[in-house]
Every structure is written in C-alpha cells, then in structure tokens.
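Next come the chains, spelled out residue by residue.
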Amino acid sequence: MSMRDRILTALQSLEPQHLDVLDESHMHSRGQETHYKAVIVSPVFAGLNAVKRHQKVYASLGELMGQVHALALHTYTPEEWAAQGAAPDSPTCRGGSKHDH
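Residues numbered from 1 in each chain as written. Predicted model: local features only at pLDDT ≥ 70, side-chain atom pairs only at ≥ 80, totals over all residues. Heavy atoms only, no water.

Q: Help me understand the environment of S42, please; the structure alone is not making it clear to me.
A: Along the chain, the position of S42 falls in the loop between β2 (35–41) and α2 (50–61). The spacing of S42 and W81 is 39 residues in sequence and 9.3 Å in space, taken between C-alpha atoms. With near-sequence residues (within four places) excluded, S42 lies in contact with L14, E15, P16, Y76, T77 and P78. Separated by 3.1 Å, the side chain of S42 and the backbone nitrogen of V44 make a polar contact. (Helix = DSSP H or I, 4+ residues; strand = E, 2+ residues; numbered from the N terminus. Contact = heavy atoms within 4.5 Å. Polar contact = N/O pair within 3.5 Å; in protein donor to acceptor, adjacent residues only side chain to side chain.)

In structure tokens:
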C-alpha cells in the first residue's frame, strides 16, 4: 500500500465529506514518498481553530506522521468548503531535502 493510500485510510476516522490527498513528492524529493497535501472537509472541524483541526489530523495519522517529511493541511467544515470550493495551490519547493547529497 502506498503512503498516500495509508494516509487516506487513516483520515477516514475524521468522517470526511470530501478528502483528497495529493502526493507532491515530485516537486520536492526524487523518488521518495515524502511530501503530501491533504484537503479534508469534515463536520468534526466545526468550532475549531486551525491548530485544533491540525491536531485532530495528526492524531488520526498517528505513527504515519513520523514517516512523512511534509504534510500541507487544508481543513474545512462543509460550510467553509461550500463557500470556498477549492484549496490553494501548494507553493513551489524552496529546496532542501535530507535525501539531497
């Protein structure tokens, strides 16, 4: 199972109405599954600030977090997602990876 699939499976615990996990490793590290972007729309985020939402995501991922170099999180309630409809694009990598020599 790919790292992306493992992340998708773990995030099901948040009961997402929309879930997209993009492997952005190609923009950062050659041949490594290390950089991801997750767009998560869930009613469990209602009333929570960004920090609390991210803590819920980290808790859902558990030990997987130690295997990922970077995870860009975009967390929305269903109402926020309906108003916005899309997550922002990830920035271009500024370089630097422990896999670069």
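Q: Looking at this structure, how should I read the sheet that holds strand β1 (residues 18–23)?
A: Within the open sheet, the three strands sit side by side as β1-β2-β3. Their pairing is mixed. The outermost strands of the open sheet, each flanked by one partner alone, are β1 and β3 (70–76). Strand-to-strand twist across the sheet, computed as the mean angle between neighbouring axes with direction ignored, equals 10°. As defined by bridge partners, β2 adjoins β3 across seven bridges and the pair is classed as parallel. Within the sheet, the bridge partner assigned to K37 lies in β3 and is A72. Along the sheet face, helix α1 (residues 3–11) touches β1 and β2 and points at about 160° away from the line of β1. On top of the sheet, α2 reaches β2 and β3; it is set at about 125° to β3, its chief contact. (Pairing = 2+ DSSP bridges. Axes fitted to C-alpha atoms, helices over the stretch in contact; angles between N-to-C directions.)

Q: So what exactly am I meant to see when it comes to the pattern of salt bridges here?
A: Side chains bearing opposite charge may pair, as long as their charged atoms lie close to each other. Taken as a whole and judged by the stated rule, the model has three salt bridges. Close ionic contact of R4 with D5 constitutes a salt bridge, the shortest N to O distance being 3.7 Å. For R4, a relative accessible area of 30% translates into the label partly exposed. (Salt bridge = Lys/Arg side-chain N within 4 Å of Asp/Glu carboxyl O. Buried < 20%, exposed > 50% of the residue type's maximum accessible area, 1.4 Å probe, protein only.)

Q: Mind showing me how you'd approach the packing of α1 against α2 here?
A: When two helices pack together, their arrangement is captured by the angle between the axes and the distance separating the axes. Where α1 meets α2, the closest approach of the two axes is 8 Å, and the angle between their N-to-C directions is 115°. Classified by the angle their axes make, α1 and α2 are roughly perpendicular. Crossing hand, α1 versus α2: right-handed. Between α1 and α2, the contacting residues are I7, A10 and L11 on the first element and V57, S60 and L61 on the second. Looking at the contact of α1 with α2 residue by residue, the class counts come to five nonpolar, one polar and no charged. (Parallel < 35°, antiparallel > 145°, perpendicular 65-115°, else oblique. Left-handed = near helix turned anticlockwise from the far one by under 90°. Nonpolar A, V, L, I, M, F, W, Y, C, P; charged D, E, K, R; others polar.)

Q: Help me understand the environment of H54 in this model?
A: Along the chain, H54 turns up in helix α2. What makes H54 partly exposed here is its relative accessible area of 22%. Linking H54 and T75, residues 21 residues apart in sequence, is a C-alpha distance of 7.7 Å. Discounting residues that sit within four places of it in the chain, H54 has contacts with L73 and T75.

By themselves, these observations are geometric and do not establish any function.
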